[in-house]
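Descriptive analysis of the structure
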2 protein chains.
Amino acid sequence: MAVKKTKPAASTEAAPEPAGRVDLGLLDGLLGYRLRRAQLAVFQDFMTAMKDYDLRPAQFSVLAIIEANPGLKQSRVSEALGINRANFVALLDELEQRKLARRAAAAGDRRSNALYLTPKGESFLKEAYRHLLQQHERRIEAVLGSADKHLLLSLLDRLTAL
Amino acid sequence: MAVKKTKPAASTEAAPEPAGRVDLGLLDGLLGYRLRRAQLAVFQDFMTAMKDYDLRPAQFSVLAIIEANPGLKQSRVSEALGINRANFVALLDELEQRKLARRAAAAGDRRSNALYLTPKGESFLKEAYRHLLQQHERRIEAVLGSADKHLLLSLLDRLTAL
DNA sequence: TATTGTTATACTCTATAACTATA
DNA sequence: TATAGTTATAGAGTATAACAATA
C-alpha cells in the first residue's frame, strides 16, 4: 500500500536484508497448504465486502440455509453447515437478537425449533448477497474468469468427498 | 463409515424424517463456502495421516520452511507462513522442546534468532513427509488425478493473489 | 432410552498491546 | 527511534460432557 522502498544503497557491511524469497520447500507441492492460503484470501475478501453489513461467513451461511429451507429444524441447519449444535446456539441467538431470523415451534415435536427468516432478514440477506456479487464475486471472476471458476468449483467438490 | 441405513419403512404418520437433502441456496454459488469445505476435508485427512507423528499442519509447515531455509531468522519464518510473531513463539517452543528445531544466535544481530532443524528434526520431517505422500497425497490423487491436481494448484494460486 | 436445545467448559487460533534488549 | 523476540490477554472457532424437556 505504501511507497515501494527501492533500497539501492550499497552498504559496506554484509547485506542486512536476509535474502530474496523464502523457499517453500516441501510445502510447495502440498495441496492442503495452497488450499489454506487461497481460502484465507477469499474469506478475507468476503469479510471486507461484508464489513458494512457486519456479517461473517458463518452468519451468512446460516441465513442462506434458512432462506432456502424455511421451517427447517435447528439441528438440521447446524448439521448441514457442519457446526456443532452446542456452538450453533449463540450463533443463532445473535441473528435472532438482530431480528434477522427467528425460532418458532416445530409442528409435531415440542423439542425442536423450526427456523425462519424475518421479513427484515429476507431483505437483509438479499441486499447483502447483491453486494457480495458486485464486490466479492466480481473480484474473484476478475482473476479467474467464469469458466475457470466453475472448473474450480467442480475440482473442490471432488476434494470435499475425500 | 458405518452401515448405510436403508430405512424403507413406510409409516402411517406424516414423514418424521424432515425431507431429502438440505438446499444450499445462495451458498451453492459462493466460492468461499466451497473452498472452506474442501479445505476442511483436506486438513482432516492430513491430520489423520499425521496422527502417529503428532504433527499439525502449522507445525509441519514450520519444519518445512526451516528445512528449506536453514538459518532463516525467526521473524522471517513466521512472516512467510502468515503467523503472527507473538503466536509463533509457543509454536516454536514446542518444536524446540521436542528437539526437532533449535534457535541459534544470528550472525550480526543479537536481537534475532536463526532457526535450524536438529538432525532428529531432519529425519523426522523426511519420514513424516514420506508417510504423507503415501497416505494423504495418494488419497488426493485418487480423487483428482495428477493433471487435475496441478490444474487445481494453479487455480488456487490465482486466488491467493486476490 | 434416545433426541433437541441448552449451558458450561476447555483447547486451539488469531489479534493487539506492551515490555526488553538490542539496533 | 525502530526492530526482534517475548509475555499477557482477549476474542473467535471448535469439541465434549451433562442437564431438562420431550419423544
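Each value, and the rule that gives it
- Residues numbered from 1 in each chain as written.
- Chains lettered and ligands numbered in written order.
- Predicted model: local features only at pLDDT ≥ 70, side-chain atom pairs only at ≥ 80, totals over all residues.
- Heavy atoms only, no water.
- Core = buried A, V, L, I, M, F, W, Y, C linked by side-chain atoms within 4.5 Å.
- Buried < 20%, exposed > 50% of the residue type's maximum accessible area, 1.4 Å probe, protein only.
- Helix = DSSP H or I, 4+ residues; strand = E, 2+ residues; numbered from the N terminus.
- Contact = heavy atoms within 4.5 Å.
- Axes fitted to C-alpha atoms, helices over the stretch in contact; angles between N-to-C directions.
- Parallel < 35°, antiparallel > 145°, perpendicular 65-115°, else oblique.
- Left-handed = near helix turned anticlockwise from the far one by under 90°.
- Near = heavy atom within 4 Å.
- Polar contact = N/O pair within 3.5 Å; in protein donor to acceptor, adjacent residues only side chain to side chain.
- 1 Å grid on protein atoms, 1.4 Å probe; cavity = no way out; pocket = protein on both sides within 12 Å on 5 of 7 lines; lining within 4 Å.
- Points joined across faces, edges and corners; volume = space filled by probe spheres on them.
- Nonpolar A, V, L, I, M, F, W, Y, C, P; charged D, E, K, R; others polar.
- Expected span 1.5 Å × (residues − 1).
- Bend = angle between axes of the 7 residues up to and from the residue.
- Phe/Tyr/Trp six-rings, centres within 6.5 Å; stacked < 30°, edge-to-face > 60°.
- Buried area = accessible area lost by both parts, 1.4 Å probe.
- Salt bridge = Lys/Arg side-chain N within 4 Å of Asp/Glu carboxyl O.

Turning our attention to the nonpolar core. Residue and element names in this part refer to chain A. Membership of the largest hydrophobic core comes to 34 residues, with the highest contact counts inside it found for Leu55, Phe60, Leu63, Leu81 and Phe88. Of all elements in the fold, only helix H1 (31-49), helix H2 (57-68), helix H3 (74-80), helix H4 (85-97), strand S2 (113-117) and helix H5 (119-144) reach the threshold of two or more residues within this core. Per element, the largest residue contribution to this core is 6 residues, and it comes from H2. With residues near it in sequence (within four places) discarded, Leu55 still touches Phe46, Met50, Phe60, Leu63, Arg98, Phe124 and Ala128.

A few words now on the packing of H5 of chain A against helix H6 (residues 146-160) of chain B. Running from N to C, H5 of chain A and H6 of chain B cross one another at 130°; their axes reach a closest spacing of 9 Å. Judged by the angle between their axes, H5 of chain A and H6 of chain B are oblique. For the crossing formed where H5 of chain A meets H6 of chain B, the hand is right-handed. Here H5 of chain A contributes Ile140, Val143 and Leu144 of chain A to the contact with H6 of chain B, which in turn contributes Leu155, Arg158 and Leu159 of chain B.

So, about the protein's contact with DNA strand C. For DNA strand C, the set of nearby residues contains 18 residues, the closest of which are Gln74, Ser75 and Arg103 of chain A together with Asn84 and Asn87 of chain B. Atoms of DNA strand C within 4 Å of the protein: sugar and phosphate make up 52%, bases the balance. Note that a phosphate oxygen of DNA strand C is positioned 2.8 Å from one of the backbone N or O atoms of Ser75 of chain A. A distance of 3.1 Å separates a base nitrogen of DNA strand C from a polar side-chain atom of Arg85 of chain A.

Turning our attention to the layout of surface pockets. Roughly 290 Å³ of internal volume is contained in the second largest pocket. Considering the residues around the second largest pocket, the lining is formed by Glu79, Ala80, Asp157 and Thr160 of chain A together with Arg21, Val22, Leu24, Asp28, Tyr33, Arg34 and Arg37 of chain B. Going through the elements one at a time, H3 and helix H6 (146-160) of chain A together with helix H1 (31-49) of chain B are the ones with two or more residues in the lining of the second largest pocket. Per-element accounting of the lining of the second largest pocket gives the leading share, 3 residues, to H1 of chain B. Looking at side-chain class alone, the lining of the second largest pocket contains 4 nonpolar, 1 polar and 6 charged residues.

Attention shifts here to helix H5 (residues 119-144) of chain B. Spanning 26 residues, H5 of chain B covers 35 Å between terminal C-alpha atoms, matching the ideal 38 Å at 1.5 Å per step. Along its length, H5 of chain B shows its largest kink, about 40°, at Leu133 of chain B. Considering only its buried residues, H5 of chain B is in contact with H1 and H6 of chain A together with H1, helix H2 (57-68), strand S2 (113-117) and H6 of chain B. Two residues or fewer after H5 of chain B comes Gly145 of chain B, characterised by a positive phi angle close to 85°.

This brings us to unusual backbone geometry. For Lys99 of chain A, which is not glycine, the phi dihedral falls at a positive 60°. Topologically, Lys99 of chain A is positioned in the loop between H4 and strand S1 (101-105).

Next up on the list: the packing of aromatic side chains. Residues and elements named next belong to chain A. With the rule as written, the count across this model stands at 6 aromatic pairs over all chains. Look at Phe46 and Phe60: their rings are 5.9 Å apart centre to centre, the planes differ by 75°, and that puts the pair in the edge-to-face class. Of the two residues, Phe46 sits in helix H1 while Phe60 sits in helix H2, which places them 14 residues apart along the sequence. According to the relative accessible area criterion, Phe46 is buried, its value standing at 6%. Judged by its relative accessible area of 1%, Phe60 is buried. Every member of this aromatic cluster is reached through a ring pair, and the members are Phe46, Phe60 and Tyr129.

This next bit is on the interface of chain A and chain B. If you look at the interface, chain A gives 58 residues, while chain B gives 58 residues. Each partner contributes to the roughly 5700 Å² buried at the junction of chain A and chain B, and carbon and sulfur atoms together form 71% of this total. Seen at the junction of chain A and chain B, the total is 4 salt bridges. Its salt-bridge partner being Asp157 of chain B, residue Arg34 of chain A comes within 2.8 Å of it at the nearest N-O pair. In this assembly, chain A and chain B are joined by 20 residue pairs in polar contact (both at pLDDT 80 or more). Listed by contribution, the elements that provide at least two residues to the side of chain A that touches chain B are H1, H2, H3, H5 and H6 of chain A. Broken down by element, the residue count for the side of chain A that touches chain B peaks at 14 residues, all from H1 of chain A. Among the residues forming the side of chain A that touches chain B, the class breakdown is 35 nonpolar, 9 polar and 14 charged.

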